[in-house]
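Read off the chains here:
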Amino acid sequence: MIRLEDVSKIYSGGYGIHKVNMDIPASSIISVIGPNGVGKTTLLNVIAGVSAQTEGRILWNGKDLDIIERRKLFGYMPDEYSVSNKVTAWELLRLISDYRYQGKNYGYLINMMEILGLKKYAGTKVSELSLGNKRKLSMIIAFMGEKKVVILDEPTTGVDTAGIIQLKEEILKAKTAERTVIVSSHILDFLQSISDFSYFLKDGSVIKRVEKKIDLEKNYRELYLGEKANE
């Protein structure tokens, strides 16, 4: 289980996230929902260890994790993935596999590049790939190594239908393999189809948690658009 206790991230202009509390069970899929600017990316960056929280604790199975431990334990697909302009798609995957996993994932990498239609771009510089193909590459990296937690920030952005279908399959397979997935997306139908429960954010704080099968669009309309539920 992942537990967040009063986690805050403070920037010079104020709070990015403020006293966030979450309990995320093992082998679950949870979604983080809200309009742009409510703190979703900040929250995911902090959980993944991309940046450190200013206040609060993040625990994994009761153990307080520092930023370095989170980077090692959690796979992450950021909203943007910046790499050297000289690195090709295959070189990037191989470098990460060699550095983090002693080159044990080549079979997985080749298979995923084939499934996602990236094989023909193996020798293409990452900087020259389309947005959708960059996102697919980032998805492969996040799921590489069978880490117990995978964090996905807007994974559907720019991705074609085939890629979204495969992404959904990878997320559901991860849950079957007793991995936990945390995902943020603006596509509520996508989140509705996969999530065990969802957290809604506003002004950097959690304002609601809903269980699976609760209508996410209805909640979104009520929380952010000011629409009242039909009686």
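So, how was this worked out
Residues numbered from 1 in each chain as written. Predicted model: local features only at pLDDT ≥ 70, side-chain atom pairs only at ≥ 80, totals over all residues. Heavy atoms only, no water. Core = buried A, V, L, I, M, F, W, Y, C linked by side-chain atoms within 4.5 Å. Buried < 20%, exposed > 50% of the residue type's maximum accessible area, 1.4 Å probe, protein only. Helix = DSSP H or I, 4+ residues; strand = E, 2+ residues; numbered from the N terminus. Contact = heavy atoms within 4.5 Å. Phe/Tyr/Trp six-rings, centres within 6.5 Å; stacked < 30°, edge-to-face > 60°. Lys NZ or Arg CZ within 6 Å of the ring centre and 35° of its normal. Pairing = 2+ DSSP bridges. Expected span 1.5 Å × (residues − 1). Arc of directions from axis to C-beta. Axes fitted to C-alpha atoms, helices over the stretch in contact; angles between N-to-C directions. 1 Å grid on protein atoms, 1.4 Å probe; cavity = no way out; pocket = protein on both sides within 12 Å on 5 of 7 lines; lining within 4 Å. Points joined across faces, edges and corners; volume = space filled by probe spheres on them. Nonpolar A, V, L, I, M, F, W, Y, C, P; charged D, E, K, R; others polar.

(A) Layout of the nonpolar core. L93, L137, I140, F143, L152 and I171 are the most contacted members of the largest nonpolar core, which has 39 residues in total. With six residues, the single largest contributor to this core is helix α5 (residues 131-143). Not counting the four nearest positions on each side in its chain, I171 is found in contact with I29, F143, L152, V181, F190 and I194. With 26 residues, the next largest nonpolar core counts I24, I30, L44 and Y199 among its residues.

(B) Molecular detail of the packing of aromatic side chains. For the structure shown, the criterion picks out five aromatic pairs. Each ring, one from W60 and one from F74, has its centre 6.0 Å from the other, and the planes form 75°; the classification is edge-to-face. On the criterion of sequence distance, the pair formed by W60 in strand β4 (residues 55-60) and F74 in strand β6 (residues 74-77) is long-range, its members being 14 residues apart. Overall, the relative accessible area of 3% leaves F74 in the buried class. Ring geometry for F197 and Y199: centres 5.8 Å apart, planes at 75°, overall edge-to-face. Following the ring pairs from residue to residue traces out a cluster consisting of F200, Y220 and Y224. Between R209 and the ring centre of F197, over which it is positioned, the NZ or CZ distance is 3.9 Å.

(C) Structural context of the pairing of β6. A two-sided burial pattern is seen for β6, the buried positions comprising F74 and Y76 on one face and G75 and M77 on the other. Pairing of β6 with strand β7 (residues 149-153), which is carried by four bridges, proceeds in the parallel orientation. The partner of Y76 across the bridge, within β7, is I151.

(D) Structural context of helix α3 (residues 89-101). Between the first and last C-alpha of α3 there are 18 Å, a value that for 13 residues agrees with the 18 Å anticipated at 1.5 Å per step. Along α3, the residues classified as buried are A89, L92, L93, I96, S97 and Y101. All buried residues of α3 project into a common sector of 125° when viewed along the axis, lining one side. Those residues of α3 that are exposed and aimed more than 90 degrees away from the buried face are L95 and Y99. Contact partners of the buried residues in α3: α4 (106-115) and α5. Phi for Q102, located one or two positions after α3, is positive at around 55°.

(E) The sheet that holds strand β10 (residues 205-211), seen in detail. Overall, mixed pairing links the six strands, which are arranged β6-β7-β8-β3-β9-β10 in an open sheet. Looking at strand neighbours, the two that pair on one side only are β6 and β10, the edges of this open sheet. Neighbour to neighbour, the strand axes of the sheet diverge by 15° on average, direction disregarded. Sitting on the sheet, α5 touches β6 and β7, and the angle it makes with β6 is about 175°. In the packing of helix α6 (residues 161-176) onto the sheet, the strands contacted are β3 (29-33), β7 and β8 (180-184), and the crossing angle to β3 comes to about 130°.

(F) Structural context of empty space enclosed by the protein. This structure, assessed with the given rule, holds one cavity of 30 Å³ or more. Reported here for the largest cavity is a volume of approximately 30 Å³. In terms of lining residues, the largest cavity is bounded by Q192, S195, F197, S198, V210, E211, K212, K213, I214 and L216. Taken together, the elements giving at least two residues each to the lining of the largest cavity come down to β9 (197-202) and β10. Across the lining of the largest cavity, the residue classes break down as four nonpolar, three polar and three charged.

Just distances and angles here, no functional claims.
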